Amino acid sequence: MSHHPTEHRPACPLWRRLAALAYDLLATLAIVMVVGLVAQLATDGQLITTGAQVVIPAWYRPLQALVLGGYFAASWRYGGQTLGMRPWRVQLRSRAGDAASWRQVLVRLLVAASPLGLLWLTPSLGLRPTLWPMLLVWALWFAPALFEPRRRSVPDLLAGTQLQLLPR
């Protein structure tokens, strides 16, 4: 049995997790804007072409996903906190209370982001028919955090991680 001081930290309640997520949405928006600016500069302002139809290069969305994924993965792996988690004193740890491993961080990231895959259906189905199922899946991902003793969501359960509160 491990005797890490983090083992006895309180679990993060769902409301605090959602508050941190709301803060992280602002950081995510800033990252997307910076990547867009750099891509526009690299393509001499020709990143998106318009005409009868808007055309976005095939490499652009994977680039955005890679940069955003890198932000979350690096934040969780080194320090256990994103910008949004810091003011709410929330930290990602392994189930044993150690820093999350790269494997745990990547599993958590892929599971947490998987509902975004529904957005690939937007061109054929429209935005509304893809947004609602995506939001429903995320609600199901968070639902276990209401009942599970350590308040873990589906990504945490599958990755073997947990969110803990840091002391003041």
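For the structure, check the block above.
In this report, the structure presented in the accompanying data block is examined. (Residues numbered from 1 in each chain as written. Predicted model: local features only at pLDDT ≥ 70, side-chain atom pairs only at ≥ 80, totals over all residues. Heavy atoms only, no water.)

## Here's the deal with the overall build of the protein chain
Convention followed: Secondary structure follows DSSP: runs of H or I at least 4 residues long count as helices, runs of E at least 2 residues long count as strands, and numbering of each begins at the N terminus. Any two residues having at least one pair of non-hydrogen atoms within 4.5 Å are treated as being in contact. The Shrake-Rupley method, run with a 1.4 Å probe sphere, supplies the accessible areas, and residue values consider only the shown protein chains as cover. Residues counted as positive are Lys and Arg, residues counted as negative are Asp and Glu, and His and the chain ends are not counted. Just so you know, the charge point we use is NZ for Lys, CZ for Arg, CG for Asp and CD for Glu.
From N to C terminus, the protein chain includes 6 helices and 2 strands. When the helices and strands of the protein chain are placed in sequence order, the string is α-α-β-α-α-α-α-β. Along the longest, intermediate and shortest principal axes, the C-alpha atoms of the protein chain span 60 × 35 × 25 Å. Counting contacts in the protein chain only where the partners sit at least 6 residues apart, residues at least 24 apart contribute 66% of the total. Within the structure as shown, the protein chain displays about 10,200 Å² of accessible surface, and the carbon and sulfur contribution to it stands at 71%. Taking the 16 positively charged and 6 negatively charged side chains of the protein chain as two groups, their mean positions are separated by 5 Å.

## Some details on the pattern of salt bridges
Selection rule: Should a side-chain nitrogen of Lys or Arg be within 4 Å of a carboxyl oxygen of Asp or Glu, the pair is scored as a salt bridge. In this scheme, a residue with accessible area under 20% of its type's maximum is buried, one over 50% is exposed, and one in between is partly exposed, where area comes from a 1.4 Å probe on protein chains only.
For the structure on display, the rule yields 3 salt bridges. Residue Arg108 is joined to Asp156 by a salt bridge in which the shortest nitrogen-to-oxygen separation is 2.5 Å. On the criterion of sequence distance, the pair formed by Arg108 in helix α3 (residues 102-113) and Asp156 in helix α6 (residues 154-159) is long-range, its members being 48 residues apart. Among the residues examined, Arg108 registers a relative accessible area of 7% and is labelled buried. When salt bridges with common partners are traced through the structure, they connect Arg17, Arg108 and Asp156 into a single cluster.

## Section: the side chain of Arg152
Within the element layout of this structure, Arg152 appears in the loop between α5 (127-142) and α6. Contacts of Arg152, omitting those with residues within four sequence positions, involve Arg17, Arg95, Pro144, Ala145, Leu157, Thr161 and Gln162.

Everything listed here is a matter of geometry and, on its own, says nothing about what the molecule does.
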